[in-house]
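Analysis of the macromolecular model
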Amino acid sequence: TEGIEAVINKLKEGMNISLMCAEKDPFNCHRFVLVSRALSKKYIPIEHILADKSTVSQSELEQRLIDKYSNETPQL
């Protein structure tokens, strides 16, 4: 959580933050599930930059994750 708070503090100082990853698709990156999720829960808007320079929001990726696994797991 110290890292998350450090990012938030830099944003409050007016800095633009970019967290880099080697994954082509942010869906396959642990930062999407861990870091970006933690930031978005604190109302920090997250946009993931794709290889073609377009962006996808954290909420769109989270919906993709739900869609991928919701059909595989029966509801209790």
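Everything quoted here is computed from the prediction, not taken from an experiment. Residue positions are given per chain, counted from 1 along the sequence in the order it is written. Only residues with pLDDT of at least 70 get local features here, since the model is predicted, and only at 80 or more are side-chain atom pairs given and counted; chain-wide, interface and lining totals rely on the full set of residues. As a rule here, side-chain values come from all non-hydrogen atoms in the structure, and water together with hydrogens is ignored.

Turning to the nonpolar core, a few remarks are in order. What makes a nonpolar core is a set of buried Ala, Val, Leu, Ile, Met, Phe, Trp, Tyr and Cys residues whose side-chain atoms join them at distances within 4.5 Å. Each residue is placed in one exposure class: buried if its accessible area under a 1.4 Å probe, protein chains only, is under 20% of its type's maximum, exposed if it is over 50%, and partly exposed if it falls in between. Counting residues in each nonpolar core, the largest one holds 6 residues, listed as Ile4, Val7, Ile8, Leu39, Ile44 and Ile46. No other element matches helix H1 (residues 2–12), which puts 3 residues into this core. Residue contacts are defined here by distance: any two heavy atoms, one from each residue, within 4.5 Å place the two residues in contact. Setting aside residues no more than four positions away along its own chain, isoleucine 4 makes contact with Val35, Ala38, Leu39 and Lys42. Segments assigned H or I by DSSP are reported as helices when at least four residues long, segments assigned E as strands when at least two residues long, and all are numbered from the N terminus.

Attention now moves to the layout of surface pockets. In this structure, the largest pocket spans a volume of roughly 600 Å³. Taken together, 21 residues make up the lining of the largest pocket; nearest its centre are Ser18, Leu19, Glu47, His48 and Ile49. Of all the secondary-structure elements, those providing two or more residues to the lining of the largest pocket are H1, helix H2 (30–33), helix H3 (35–40) and strand S1 (47–49). Top element by residues in the lining of the largest pocket is S1. It accounts for 3 residues. Residue polarity is assigned by list, with Asp, Glu, Lys and Arg as charged and Ala, Val, Leu, Ile, Met, Phe, Trp, Tyr, Cys and Pro as nonpolar; anything else, Gly included, falls into the polar class. The residue makeup of the lining of the largest pocket, split by class, is 14 nonpolar, 3 polar and 4 charged. Each cavity reported here is a set of points on a 1 Å grid over the protein atoms alone in which a 1.4 Å probe fits but cannot get out, each pocket an open set with protein on both sides within 12 Å along at least five of seven lines, and each lining residue one with an atom within 4 Å of a point. Grid points are joined across faces, edges and corners, and a volume is the space filled by probe spheres set on the points.

Another aspect to go through is the side chain of serine 57. Inspection of the secondary structure assignment puts serine 57 in strand S2 (residues 55–57). Polar contact is defined as a pair of N or O atoms within 3.5 Å, subject to the rule that within protein one atom must be able to donate a hydrogen and the other to accept it, and that residues adjacent in sequence are counted only when both atoms are side-chain atoms. A polar contact is formed between the side chain of serine 57 and the side chain of serine 59, at a distance of 3.1 Å. Look past the residues within four positions of serine 57 in its chain and what remains in contact with it is Ile46, Glu47 and His48.

Turning next to helix H4 (residues 58–70). Within an α-helix, residues lying three or four positions from one another point in the same direction, as the helix has 3.6 residues per turn. Here, expected helix span is obtained from the residue count minus one, scaled by 1.5 Å. In a regular helix each residue adds 1.5 Å, so 13 residues correspond to 18 Å; H4 covers 18 Å between its end C-alpha atoms and thus fits that length. Turning to H4, its buried residues are Gln58, Leu61 and Glu62. Each buried residue of H4 lies within a common arc of 100° when the element is viewed along its axis, so the set occupies one face. Buried residues along H4 sit against H2, H3, S1 and S2. Here the arc refers to the directions that run from the helix axis out to each C-beta atom.

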